[in-house]
Every structure is written in C-alpha cells, then in structure tokens.
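Spelled out from the first residue to the last, the chains are:
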Amino acid sequence: MMHTPDRKETTDNLLVDRADGVLTVTFNRPEARNAMTWDMYMGLAEACETAGADDGIRVMVMQGAGPKAFVAGTDIAQFTEFDGAAGVAYEKRISEVLARLCAVNVPVIAAIDGYCVGGGLGIAACADVRIASPRARFGVPIARTLGNCLSADTLGLLIELLGRARVVDMLLRARFLDADEALGAGFVGLVTDDIAEATAEWANTLKGHAPLTMWSVKEVVRRLSESGGTVDDQDIVHRIYGSEDFHNAVHAFVSKTPYEWRGR
C-alpha cells in the first residue's frame, strides 16, 4: 500500500481532492446539474482505485458542485445514437462502475444537495451512508422522460435500500422522493441545512474507527447483496482476528491505554 501526500487532481468535470485522510470526489458540471459523461464515470472508477491503493485514505466522500444537484443522471446527449446493443453495453459499463464503487474498502459518504436522479441515484445507493439537504429529491423518472430502463443490478440495489413497493411505485409513477421520505425509508441517515459541516463530522468520526472492522461490515454486506443469502465469511473473520489492530487493541483496552488504528 502507498501513501500519497494531500493534493488535488482536477479535470473539467470531476474533481478529486485528497486532504487529511479523506478523498473527496466532486461531480463538477453544475451548469448541467452534474449530469454524468462517460469520462466522469471512468474518473469515478479511477477514484475508487485510488481510495483502495492509498493507505493514507480512510474515508471517501462524493458530492455535487452547486446547490441544484448531486447528480442528475447521465448526460442525455450521449444517448442520441443508441440502439439495443449500445444499451446493453452501456448498462454493463455502468454496472461495472457501480460494483467498483460498492467494493471500495473504506467508508463512502454521499453528500446529497438537490436532485439525485437516475444514474445519480445509483451512485448514491452505492455509498455506505448518505446525508441530504432539505432540497434533495430522489428518483428515476424515465417512464415519462426517456423511456429507457434500469439494469437488474441497479434495480436490485434500490429495492434492497428502499423496499420493493416504494421502488416500483417511484418508477411506475415517475415520482420523486423528498428528503423526509428518504430519511423515513432509511436511505439517508440525516437531513440537514449544513451538509458540509455534517459531512466533515461524519468523516472525522469514521476516520477514528477501526478500518478493518469497517471493511468487514462493507465486505459482508457486499457479498450478501451479490449472493442474496448466506456467504462464506471465514476469510474475513480470519483476517480481522489475525490482525495487528485486533491484537494490539485488545491489550490497549485491557490496560486502559489509547490505541491508534493502523488498518493492518
């Protein structure tokens, strides 16, 4: 594992910022409500690789530029020449990016201000925890806009998090969930007027927790989601109980001395 000094990687539409153990990905097309281009999807996948390769990163944050949207779907202009085969290839690529996001080995926070629509809802669903502003709106209104569809992978993930009845109703009626309904459904953990402060507080909390314990939660959840049932977790349990962190933290707890997590 490497440790990269704090720095920014800036492209036109995607900002990646490393600072104080947090990798922040900003979807940066506010004039288009941060609608995703192919390059932005690829940049998001690359950011996931960075989060996994740098042991100095303890938390990943995703946010949209400006107050109007987290991500308002995929840029529709990219669909003008699509046919059935192109649609299959597109959904496969999106599923691969979302699967990579789900597999990031550090906690991922989605800070959602404004619209979180279509592909944006899929991205947010891959985060581990979500914070929203009262302005946040969640939905996939394709039944009245584009007439396309969701992949089974994305639909299954939304059903896991929001429930089958709510997701089917949301899709068939092409309606949006407001922040309070998303909070009541458990999709978001907090609705606040100050997303930046709340995100910083949550990230700081997560940075202070055992990295391997948090990874184990994420990995078991990911495997359960993929399998739909029982999974073999022996490798996870072996890694955790055989770790330097567990061994040293037990001794520190017994001796009532502080311990700084090392993630190994």
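In this text the structure is predicted, and so the values were computed from the model without any measurement. (Residues numbered from 1 in each chain as written. Predicted model: local features only at pLDDT ≥ 70, side-chain atom pairs only at ≥ 80, totals over all residues. Heavy atoms only, no water.)

Novice: How would you explain the overall build of the chain if you had to name every residue and give the values?
Specialist: Summing up its helical and strand segments, the chain has ten helices and eleven strands in all. Scaling as 2.2 N^0.38, a compact globule of 264 residues should have a C-alpha radius of gyration of about 18 Å, and the chain matches this with 19 Å. Referenced to the eigenvectors of the C-alpha coordinate spread, the extents of the chain come out at roughly 60 × 40 × 35 Å. Within the chain, the proportion of its 264 residues that are buried is 45%. Partitioning the intrachain contacts of the chain with sequence separation of at least 6 by distance along the chain shows that 65% fall at a separation of at least 24. Of the accessible surface of the chain, which amounts to about 13,500 Å², a share of 55% is contributed by carbon and sulfur atoms. Mean positive and mean negative side-chain charge positions of the chain (26 and 36 charges, respectively) differ by 2 Å. (Helix = DSSP H or I, 4+ residues; strand = E, 2+ residues; numbered from the N terminus. Rg over C-alpha atoms; globule rule 2.2 N^0.38 Å. Buried < 20%, exposed > 50% of the residue type's maximum accessible area, 1.4 Å probe, protein only. Contact = heavy atoms within 4.5 Å. Areas by Shrake-Rupley, 256 points an atom, 1.4 Å probe, with all protein chains shown as cover. Lys, Arg positive; Asp, Glu negative; His and termini not counted. Charge placed at Lys NZ, Arg CZ, Asp CG, Glu CD.)

Novice: An account of the environment of V22 is needed here, citing residue identities and associated values.
Specialist: Position of V22 among the secondary structure elements: in strand β3 (residues 22-27). You can call V22 buried: its relative accessible area is 13%. Note: C-alpha distance between V22 and K92 (70 residues apart in sequence) is 29 Å. Here V22 is in contact with D17, V59, V61, A203 and K207, once residues within four sequence places are set aside.

Novice: A description of the layout of surface pockets should follow, citing residues and the corresponding values.
Specialist: Any empty space left between atoms is shown by rolling a water-sized probe over those atoms. Put simply, the largest pocket is a space of about 740 Å³. In terms of residue count, helix α8 (residues 211-227) provides more of the lining of the largest pocket than any other element does, seven residues in total. For the lining of the largest pocket, the class distribution of residues is 14 nonpolar, four polar and seven charged. The calculated volume of the second largest pocket comes to roughly 460 Å³. Taken together, 29 residues make up the lining of the second largest pocket; nearest its centre are G73, T74, V117, G118 and G119. Elements with a contribution of two residues or more to the lining of the second largest pocket: α2 (84-102), β7 (115-117) and α3 (119-126). Counting residues per element, the lining of the second largest pocket draws most heavily on α2, which supplies four residues. In the lining of the second largest pocket, the residues fall into 18 nonpolar, eight polar and three charged. (1 Å grid on protein atoms, 1.4 Å probe; cavity = no way out; pocket = protein on both sides within 12 Å on 5 of 7 lines; lining within 4 Å. Points joined across faces, edges and corners; volume = space filled by probe spheres on them. Nonpolar A, V, L, I, M, F, W, Y, C, P; charged D, E, K, R; others polar.)

Novice: So what's going on with the packing of helix α1 (residues 38-53) against α2? Which residues, and what values?
Specialist: Where α1 contacts α2, the two axes come as close as 9 Å, and the packing angle between them is 25°. Considering the angle they form, α1 stands roughly parallel to α2. Here the hand of the crossing between α1 and α2 comes out left-handed. Together, W38, Y41, M42, L44, A45, C48 and E49 of α1 and Y90, R93, I94, V97, R100 and L101 of α2 make up the contact between the two elements. (Axes fitted to C-alpha atoms, helices over the stretch in contact; angles between N-to-C directions. Parallel < 35°, antiparallel > 145°, perpendicular 65-115°, else oblique. Left-handed = near helix turned anticlockwise from the far one by under 90°.)

Novice: Which residues make up the side chain of D245, and what values go with them?
Specialist: By secondary structure assignment, the location of D245 is in helix α10 (residues 244-255). No salt bridge is formed by the buried D245, whose closest oppositely charged neighbour, R262, lies at an N-O distance of 5.1 Å. Polar contacts involving the side chain of D245 include one to the side chain of Y259, which spans 2.6 Å. With sequence-adjacent residues up to four places away left out, D245 is seen in contact with P211, Y259, W261, R262, G263 and R264. (Salt bridge = Lys/Arg side-chain N within 4 Å of Asp/Glu carboxyl O. Polar contact = N/O pair within 3.5 Å; in protein donor to acceptor, adjacent residues only side chain to side chain.)

Novice: I'd like to hear about the sheet that holds strand β5 (residues 69-72), residue by residue, with values.
Specialist: Here four strands make up an open sheet; going across it, the order is β5-β7-β9-β10 and the pairing mixed. The open sheet has two free edges, formed respectively by β5 and β10 (177-178), since each of these has just one partner strand. The pairing of strand β9 (residues 137-139) with β10 spans two bridges and is classified as antiparallel. Across the sheet, F138 pairs through a bridge with L177, a residue of β10. (Pairing = 2+ DSSP bridges.)

Novice: Can you tell me about the pattern of salt bridges, naming the residues and giving the values?
Specialist: Across all of its chains, the model carries 17 salt bridges by this definition. Ionic pairing is found between R135 and D113, a salt bridge with its closest N-O pair at 2.7 Å. Note that R135 is positioned in the loop between β8 (129-132) and β9 and D113 in the loop between β6 (108-112) and β7, a separation of 22 residues in sequence. Taking the relative accessible area as the measure of exposure, D113 reaches 16% and is therefore buried. Between D128 and K218 there is a salt bridge whose closest N-O contact spans 2.6 Å.

Novice: Give me the lowdown on α8, citing residues and values where you can.
Specialist: With 17 residues, α8 extends 24 Å between its outermost C-alpha atoms, agreeing within 8% with the 24 Å of an ideal straight helix rising 1.5 Å per residue. Residues P211, L212, M214, W215, S216, K218, E219 and R223 constitute the buried set of α8. Looking at the buried side of α8, the elements it contacts are α2, β6, α7 (195-207), α9 (234-241) and α10. G228 occupies a position one or two residues after α8 and carries a positive phi of about 75°. (Expected span 1.5 Å × (residues − 1).)

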